[in-house]
Amino acid sequence: LEGRNAVEMSLQKSHDAKMSQMRNEMRAQFAAREKELIDERNDALTALQDAHEKAVEAAAAEAASAAAAERARRFEFEEAQRGRTERAIRDAKQEIRRVVTQVLNDMVGPE
């Protein structure tokens, strides 16, 4: 009976040692896989952040371009308005000179 108990205890210790070794190996594998997953997640987050920064930069560049185009359009409009205003003033002055000359000629009469 003692021999049988000794064999059972020896088998139990051997079984416990194997189970402990398997648990340690599994813990190590799970820890390694967890680290891999964390690294993958961090890489994905970094890529997402980079993509977001590029999108923000592109949107800012597009907004700056649109603002520059709007400023150019306004400048062209203002230049055209200024040109029309100057032409209208020139035409008005010529008309005034013509009318004044006509009135003076009418006042002086034919000689």
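Look up a bit, the structure's there.
Residues numbered from 1 in each chain as written. Predicted model: local features only at pLDDT ≥ 70, side-chain atom pairs only at ≥ 80, totals over all residues. Heavy atoms only, no water.

Caption draft 1: The overall build of the protein, seen in detail. Each helix and strand counted, the protein has one helix and zero strands in total. Overall size of the protein, expressed as C-alpha extent along the three principal axes, is 160 × 10 × 5 Å. Sorting the 111 residues of the protein into buried and exposed places 0% on the buried side. In the structure as shown, the protein presents an accessible area of about 10,100 Å², 59% of it carried by carbon and sulfur atoms. Within the protein, the 22 negative side-chain charges are centred at a point lying 1 Å from the centre of the 19 positive side-chain charges. (Helix = DSSP H or I, 4+ residues; strand = E, 2+ residues; numbered from the N terminus. Buried < 20%, exposed > 50% of the residue type's maximum accessible area, 1.4 Å probe, protein only. Areas by Shrake-Rupley, 256 points an atom, 1.4 Å probe, with all protein chains shown as cover. Lys, Arg positive; Asp, Glu negative; His and termini not counted. Charge placed at Lys NZ, Arg CZ, Asp CG, Glu CD.)

Caption draft 2: Structural detail: a nonpolar patch on the surface. A surface patch of nonpolar side chains, about 650 Å² in accessible area, is lined by Ile 96, Val 99, Val 100, Val 103, Leu 104, Met 107 and Val 108. Within the secondary structure layout, Leu 104 lies in helix H1 (residues 2-108). Classification of Leu 104 by relative accessible area gives partly exposed; the value is 46%. (Patch = residues over 30% accessible without salt bridge, like charges linked within 9 Å, V, L, I, M, F, W, Y side chains within 5 Å. Salt bridge = Lys/Arg side-chain N within 4 Å of Asp/Glu carboxyl O.)

Caption draft 3: Looking closely at the pattern of salt bridges. Scanning all chains against the criterion turns up eight salt bridges. One salt bridge connects Arg 33 with Glu 40, and the closest N-O pair in it is separated by 3.8 Å. A salt bridge links Glu 79 to Arg 82, with the nearest nitrogen and oxygen atoms 2.6 Å apart. Linking Glu 79 with Arg 82, this pair stays in helix H1, spanning three residues, or about one helical turn. Classification of Glu 79 by relative accessible area gives partly exposed; the value is 35%. What emerges from the salt-bridge pattern is a single network uniting Arg 33, Glu 36 and Glu 40.

Caption draft 4: Structural context of the environment of Asn 105. Tracing the backbone shows Asn 105 in helix H1. On a C-alpha basis, the gap between Asn 105 and Asn 42 in space is 93 Å, while along the polypeptide they are 63 residues apart.

Caption draft 5: Inspection of H1 at higher detail. For H1, with 107 residues, the first-to-last C-alpha span of 155 Å sits near the 159 Å given by 1.5 Å per residue. Immediately beyond the C-terminal end of H1, within one or two residues, lies Gly 109, with a positive phi of roughly 80 degrees. (Expected span 1.5 Å × (residues − 1).)

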